[in-house]
Amino acid sequence: MYSDTLCIRHDGVEENKTLQCQTFRDMRGFYTIKEQYYRVQAHVETQRRRGSDLRRHSGGGAYAVEQTAVSSMLKEAVESQSTAVFNALAGSVQVQVEPVGRWFEAFLKRRIRNVSVSFQELEEEEELSEEEEDEELQLEEYPMLKTLDPKDWKNQDHYAVLGLAHLRYKATQKQIKAAHKAMVLKHHPDKRKAAGEQIVKGDNDYFTCITKAIEVLSDPVKRRAFDSVDPMFDNAVPSKAEGKENFFEAFAPVFERNARWSKKKQIPNLGSMESSFEEVDNFYYFWYNFDSWREFSYLDEEEKEKAECRDERRWIEKQNRASRAQRKKEEMNRIRTLVDTAYSCDPRIKKFKDEEKARKELEKRARAEAKKKEQEEKERAQQAEMEAARLAREKEEEEAKQAALLAKKEKDVQKRAMKKERQKLRTTCKNCNYFVDTKAESVKMMEDVEKLCDLLELISLQNLNEVLASGNKEQSRAAIEKQVQEVNAQLQREREAEVKAQQAARNLDQSSTGTGGSKGWSEEDVQLLIKAVNLFPAGTNARWEVIANYMNLHSSSGIKRTAKDVINKAKTLQKLDPHQKDEVNKKAFEKFKKEHAAVPSSVDNVVPSERFDGSSGDSNSAPWTTEEQKLLEQALKTYPVSTPERWDKIAATVPGRTKKDCMKRYKELVEMIKAKKAVQEQVAAKSKK
């Protein structure tokens, strides 16, 4: 909806009517009430000319027309006036209106530009505002204008030359043209002569600076280049001390000043202490990803248009690109320094961090309390479980105790029954002279009866006693012999089963030991493996192949071991319990002691050499510690071979060790290193093949 003023002429008198006009839409397009009003007014005028009786309104001097379309457009009467209907017009006719004309064009422009008022009114307002700006445009006289050197036009302030120093980059093109026109009218040589000024030679040179100023500022590209190096722009960055004292007053104008370089138009504000975390985060995200259009082509030292050839022009372009890139880098570093300084001094960041820290502390405390509560519940559950388990265990123990008592009673009953039946068997056999005639048979039968007493169960003994009590001598003897045979057969079967089990175990051991590295490991091989594992620690190249080759070289069993066999045996040794490990080490030490205890008979007649002339009692047989080994190695480096009395000095640096001990340890180390190198060379040779 918009308002408009219509002028109605009647009998030479003009009356203005302000109407509230609306835009309606039908099936075919758009039209306005204003257009309908014109049609109604034409109809009214026709009726008037035909002599219709239209009387004037007594209060306001306007014409009231009884027409639905017109009355809906007129304003309501104020309190001091009244509205009356004097006559009725003909009925309204529905007319289809085509969407044409300047009103439809205005509607399309409003819809495209997404405005809610008449496009013509906006244009009129813009024109009026521009005219007002032109009327209000005031130029500031540049006092140094006449002293400018046209050759040094690049270092001049073009805005100040045109009198726009107070507007600068905010000046519009229309203002720039108006300012240039005013400056030309005032400073053109012809205008100055016409004004009666005395002009000497060279006095008009500064007018070239005005021409250069309009040439630069009227071209958008050149103007942007000049704005990028605006001499009045403040590139300063507040210090941390200034920011900490008064953050918003120190940084707000700086960010507002530098926002002019942004390619994006939606620029977030610095805000205040009441700004939310999202607003502050968006602000710093924008400035940490700042996209600047500022460029420094205006400061090019060389102009490629002045080049005499293509190569020179290319060289100039290369130099200019390098200088622009350097200045652009410095500019981005300046912006980054500004943002970093602001971020470090921003009290809101500290507040957010403190809040986050407090929140995390609360969450940590809540987690600790929840964990403590969970632990307490878990402990209570464990206590309940332990109590239930204790009660169940006591119940089971009580039940087991009762069961043991019952079992003991049953066992006692069975034991007494067995004793009774055995005594009965012995008594029966003894009374019947063991059912034999000779003494020798009696002794043998006695042994069989004792065997039956020891091996037969209670039921078998009861059955045998019943047979003996009911049968004659021959039947009793036959029953005893039959029972003895069954017992012997049972014993024989048990022996055979045991023999078979032992044989199967031996066969299994034999089948598990095949040829090569899978054969059984002797104690010597195990000790050799332990020595090799210590000699070639983790990190050695192809460690297990090296250990396998070392064992194959030094093993006296003649069995060739592979890396897989060595790994499996090493894993088996690792799985041994501490007692087994101690036993293995004890056996190894006993073997070592046994081998080194036997001294050859020829040693008694041997004269000690000069290198080992010390008494054997002075030597220390304890193993070398890590600290002693480090001292020995350092002494070997300190005293080279050419040092006189070298071993005496080395022994003096190792506390608790004699010269003989140091020399022996040195020999052992040399042998170990040689063996290690030999095995590694063999492995390297095999890998090459």
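Here we summarise the structure given alongside this text. Since the structure is predicted, the reported quantities are computational estimates derived from the model, not experimental observations.

Reading the values: the criteria
- Residues numbered from 1 in each chain as written.
- Predicted model: local features only at pLDDT ≥ 70, side-chain atom pairs only at ≥ 80, totals over all residues.
- Heavy atoms only, no water.
- Helix = DSSP H or I, 4+ residues; strand = E, 2+ residues; numbered from the N terminus.
- Expected span 1.5 Å × (residues − 1).
- Contact = heavy atoms within 4.5 Å.
- Buried < 20%, exposed > 50% of the residue type's maximum accessible area, 1.4 Å probe, protein only.
- Arc of directions from axis to C-beta.
- Phe/Tyr/Trp six-rings, centres within 6.5 Å; stacked < 30°, edge-to-face > 60°.
- Axes fitted to C-alpha atoms, helices over the stretch in contact; angles between N-to-C directions.
- Parallel < 35°, antiparallel > 145°, perpendicular 65-115°, else oblique.
- Nonpolar A, V, L, I, M, F, W, Y, C, P; charged D, E, K, R; others polar.
- Patch = residues over 30% accessible without salt bridge, like charges linked within 9 Å, V, L, I, M, F, W, Y side chains within 5 Å.
- Areas by Shrake-Rupley, 256 points an atom, 1.4 Å probe, with all protein chains shown as cover.
- Salt bridge = Lys/Arg side-chain N within 4 Å of Asp/Glu carboxyl O.
- Lys, Arg positive; Asp, Glu negative; His and termini not counted.
- Charge placed at Lys NZ, Arg CZ, Asp CG, Glu CD.
- Core = buried A, V, L, I, M, F, W, Y, C linked by side-chain atoms within 4.5 Å.

**Notes on helix α13 (residues 310-345)**
Think of an α-helix as 3.6 residues a turn; residues three or four steps apart then line up on the same face. Over its 36 residues, α13 runs 52 Å from end to end, which matches the ideal 52 Å to within 8%, given 1.5 Å per residue. Buried residues along α13 sit in contact with α10 (240-245), α11 (247-258), α12 (277-288) and α14 (347-431).

**Section: helix α20 (residues 563-574)**
Here α20 is 12 residues long and its end C-alpha atoms lie 16 Å apart, about the 16 Å a rise of 1.5 Å per residue gives. A563, D565, V566, K569, A570 and L573 are the residues of α20 that are buried. Viewed along the axis of α20, the buried residues span an arc of 160°, placing them on a single side of the element.

**Focus on the packing of aromatic side chains**
Given two aromatic rings, one states the distance between the centres and the angle between the planes to describe the pair. With the rule as written, the count across this model stands at 19 aromatic pairs. Geometrically, the ring pair formed by F233 and W261 is edge-to-face, given 5.0 Å between the ring centres and 75° between the ring planes. Taken together, the residues F233 in the loop between α9 (220-228) and α10 and W261 in the loop between α11 and α12 connect sequence positions 28 residues apart. Judged on exposure class, the residue F233 and its partner W261 are both buried. Aromatic side chains F536 and Y550 sit 5.6 Å apart centroid to centroid with 75° between the ring planes, which places their arrangement in the edge-to-face category. With a gap of 14 residues between them, F536 in the loop between α18 (523-535) and α19 (543-554) and Y550 in helix α19 connect regions that are remote in the sequence. A single burial state applies to F536 and to Y550, both of which are buried. An aromatic cluster is defined as three or more aromatic residues linked by ring pairs; in this entry it consists of F247, F248, F251, F255, F283, Y284, F286, W287, Y288, F290 and Y343.

**What to know about the packing of α18 against α20**
The description of two packed helices rests on the angle between their axes and on the distance between the axes. As a packed pair, α18 and α20 sit with axes 11 Å apart at the nearest point and diverge in direction by 95°. It follows from the interaxial angle that α18 and α20 lie roughly perpendicular. Mapping the contact onto sequence places V526, L529 and I530 in α18 and V566, K569, A570 and L573 in α20. Looking at the contact of α18 with α20, its residues break down into 6 nonpolar, no polar and 1 charged.

**Here we look at a negative patch on the surface**
A cluster of acidic residues, E301, E302, E308 and E312, forms a negative patch at the surface. Summarising the element assignment, E312 is placed in helix α13. Residue classification places E312 among the partly exposed positions, given a relative accessible area of 32%.

**Regarding the nonpolar core**
Among the nonpolar cores identified, the biggest contains 26 residues, and L145, L162, L164, I176 and I210 are the most heavily contacted of them. The element best represented in this core is helix α8 (residues 206-218), accounting for 8 residues. Apart from the residues within four sequence positions on either side, L164 is in contact with L137, L139, Y159, A171, Q175, I176 and A179. Core analysis: the next-biggest nonpolar cluster, separate from the first, contains 24 residues, F283, F286, W293 and L338 among them.

**Overview of unusual backbone geometry**
What you tend to see is this: most non-glycine residues have negative phi, and most peptide bonds are trans. If you check the backbone angles, A542 has positive phi at about 50° while not being a glycine. Following the sequence through the fold, A542 ends up in the loop between α18 and α19. Using a relative accessible area of 28% as the deciding quantity, one classes A542 as partly exposed. In the Ramachandran plot, E645 falls in the positive-phi region, its phi being about 50° despite a non-glycine side chain. Along the chain, E645 turns up in the loop between α22 (626-638) and α23 (646-653). Judged by relative accessible area, E645 falls into the exposed class, the value being 59%.

In short, shape yes, function no, at least from these values alone.
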